[in-house]
Structures are given as C-alpha cells and as structure tokens.
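Report on the structure
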Amino acid sequence: MTGLAYSVYVTPSKAAVSDDLPPGEQQRMWSPTASTLIYGERDAVLVDPLMTTAESTALAEWVVATGKNVTALFITHAHGDHFFGAPAVLERFPNAEVVATPGVAARMDAQYGPQWFDGFWNPRLPGQISTRHVAARALVDGVVDLEGEQLEAIELGHTDTTGSSALHVPSLGLVVAGDAVYGDVHLYLAEAKGTGWRDWLDALDTLEKLQPRAVVAGHKRDGDPDDPEDIGRTRRYIEIFTSAAEKADGFADLYEAVRALYPERLNRGVLWNSAKSYLA
C-alpha cells in the first residue's frame, strides 16, 4: 500500500450581511475555513466541503486537479459552513459518500430548517448557498476506509457546537480537528454557555492524548502551519474568554477585553457575537 498524504485548502474570508457590527468595524466577515484532502495512490477522503456554491466549486476543481478520486466526504460537525458545499463536490465525484459520526449526522438536517437556513445562513449569504440538501451516513463503526487504511472518526461531544468530531489518520500523525481547534481566528463561543466551554476543554484533552504531529484547524489563516500547538492555543483562548466573562461589565466589556489580548486574530465579528451570546 502506498503511504497516505494530505493537503489543505483554505477558502478566504468573505463578506456577510449583518448590521450588528463591533465598534469600528464596517463589514461583517466570515472566517477563512479549511477543507482537508487525505489521499493515497488513487483515492481520497475530503473533510468539510465548505459552504457557498462558489467556494465549494473552486474546492472541487482543486481536488480534480490532484487527479485523486474522492470516495468519501467526512463532516466534522453540524455547522452549515462546513458541509453546505457538498453538492458542488458531489457533482464532480457523484460516487462519493457523505459520512459523519452519529452525533453529527443526526444534527445536519436542522441546519436546513427554518431556524437556521432561513433565519441565519441565507440572510447572511443570500443566494450563495445550494438549496440541495445532503445527509450523511452515520459511521456506527467509527472508521472511514481509504485504500485499506482505516481513518478513525473521533467523537468529541461539545466543542464550538454539540456533537462534534475529528478525523484521525494514525499513519500520518494527523488530526483534522474541525472547529474543535482554531488557528489565528477568533473562536465561536456563542454555544459555550453553561458547561459548553468545559466540555470543549475536555475535547481538547482527547485530541492531545492522540499525540498528533499535525493538526488542521477548522478556521485558520491560509498558509499557517498545521501546528499541534494550536490545541493549547485554543485552550488558552477559551480560558481567557471565560475568565474575562466573569469580570466583564456587559458584553461590550468582554469583547474589548479579549480583543485587546488578541489584537491580530481574524474576524472580530465572531468575537462580538460570542460575547453577546455568552452573556445574554
């Protein structure tokens, strides 16, 4: 068996429609998002096929250029920005199967419902998301086969949303972490109230125990290394955010406290929304 390898495609930040902007910001942006191709001699597994029709079409063309045949699309978690783009990829690879852990597969359909698709996604990116719904086969055995090697689906519980997962490639020492791990981008902590943030820290412990040599963050700067230290950096951000929340005099105060500590992180809009939701 030829050894496996991987490549990462990062779609850049894009404008989103919103009139709820942080102080000094003129435009709401969507964070840059990573999709990972794990491949062997002939076949490949694509993790998280992005969101808009335009970016997922570009992703599909990038995959076609590699000459690899996509046999599976693995979805790390049920946020639409990581799987709404599947139809464009499936047009180029119609025999590929969409797969996810049971916890993710069970939650994907809700993203197409009135609360989320009509109430959140489409208003922010009007007309840019495919209306074709995709469902995932639940991986009850927790594995994705790629040219005879079993890639391990790791259930993580709550990270930036409930029912998250990661994909572990033991031969590469690789973890494709989805939004359990962030690069140099502000974290989405709007769903971290109650025990959510503690559960996320537990998920990071699970990933660290795998002792990965490379970790692909779900949102990252294009070209940044897939550094295992991003696990620790994500942990520190969560700890700083939640500690600041305990001391903050309202969400604006929380926003300013975290922004001051992370002045160069991308997408202050998501920090603004996280602060408002966390202290609501």
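Above this text is the structure in question.
Here goes a summary of the coordinates provided. (Residues numbered from 1 in each chain as written. Predicted model: local features only at pLDDT ≥ 70, side-chain atom pairs only at ≥ 80, totals over all residues. Heavy atoms only, no water.)

This paragraph deals with unusual backbone geometry. Positive phi, normally seen in glycine, also occurs at Glu147, with a value near 50°. Among the structural elements, Glu147 can be located in the loop between strand 9 (143–146) and strand 10 (149–157). With a phi close to 70°, Asn267 is a non-glycine residue in the positive phi region. The buried category is assigned to Asn267, whose relative accessible area is 14%. (Helix = DSSP H or I, 4+ residues; strand = E, 2+ residues; numbered from the N terminus. Buried < 20%, exposed > 50% of the residue type's maximum accessible area, 1.4 Å probe, protein only.)

Turning to empty space enclosed by the protein, a few remarks are in order. Applying the stated criterion to the full structure yields 1 cavity of 30 Å³ or more. By volume, the largest cavity is sized at about 50 Å³. Every residue lining the largest cavity is listed: Ala34, Ser35, Thr36, Val47, Asp48, Val176, Ala177, Gly178, Val216, Ala217 and Gly218. A total of 3 residues in the lining of the largest cavity trace back to one element, the largest contributor, which is strand 4 (residues 33–39). Of the residues belonging to the lining of the largest cavity, the class tally is 6 nonpolar, 4 polar and 1 charged. (1 Å grid on protein atoms, 1.4 Å probe; cavity = no way out; pocket = protein on both sides within 12 Å on 5 of 7 lines; lining within 4 Å. Points joined across faces, edges and corners; volume = space filled by probe spheres on them. Nonpolar A, V, L, I, M, F, W, Y, C, P; charged D, E, K, R; others polar.)

As enumerated under the stated definition, the model contains 15 aromatic pairs in all. Note on Phe251 and Trp272: the rings are 5.1 Å apart at their centroids and 80° apart in plane angle, and the pair reads as edge-to-face. Here Phe251 is found in helix 7 (residues 251–261), whereas its partner Trp272 is found in helix 8 (residues 268–278), with 21 residues between them in sequence. The structure contains a cluster of three or more aromatic residues connected by ring pairs, namely Trp30, Phe83, Phe84, Tyr112, Trp116, Phe117, Phe120 and Trp121. (Phe/Tyr/Trp six-rings, centres within 6.5 Å; stacked < 30°, edge-to-face > 60°.)

The next point concerns the sheet that holds strand 8 (residues 137–138). Across the sheet, 6 strands lie side by side as 1-4-5-6-7-8; this open sheet has mixed pairing. The two strands at the open ends of the sheet, each matched to only one other strand, are strand 1 (5–11) and strand 8. Where strand 4 meets strand 5 (residues 43–47), 4 bridges bridge the pair, whose relative direction is antiparallel. Pairing of Tyr39 across the sheet is with Ala44, part of strand 5. Strand contacts of helix 1 (residues 53–66): strand 1, strand 4, strand 5 and strand 6 (69–74), with the helix running at about 155° to strand 1, the strand carrying the most contacts. (Pairing = 2+ DSSP bridges. Contact = heavy atoms within 4.5 Å. Axes fitted to C-alpha atoms, helices over the stretch in contact; angles between N-to-C directions.)

As a further point, take the sheet that holds strand 13 (residues 214–216). Strand order across the open sheet formed by 5 strands is 9-10-11-12-13, with mixed pairing between neighbours. Each edge of the open sheet is held by one strand with a lone partner, namely strand 9 and strand 13. Strand-to-strand, the axes of this sheet are offset by a mean angle of 25°, without reference to chain direction. Note that strand 11 (residues 164–169) and strand 12 (residues 174–176) share 3 bridges and pair antiparallel. Considered in strand 12, the bridge of Val169 is made with Leu174. Sheet contacts for helix 5 (residues 196–209): strand 10, strand 11 and strand 12; angle to strand 10, the most-contacted strand, approximately 155°.

Looking at soluble globular proteins, one finds that nonpolar side chains tend to be buried together. By size, the foremost hydrophobic cluster in this structure holds 38 residues, and its most contacted members are Val181 and Leu207. Elements with a minimum of two residues in this core: strand 10, helix 5, helix 6 (229–247), helix 7 and helix 8. Not counting chain neighbours up to four residues away, the residues in contact with Leu207 comprise Leu156, Ala166, Val175, Ala177, Ala180, Val181, Pro212 and Ile231. Core analysis: the next-biggest nonpolar cluster, separate from the first, contains 34 residues, Val63, Leu90, Val104 and Val134 among them. (Core = buried A, V, L, I, M, F, W, Y, C linked by side-chain atoms within 4.5 Å.)

Any functional reading would require information beyond the geometric quantities listed.
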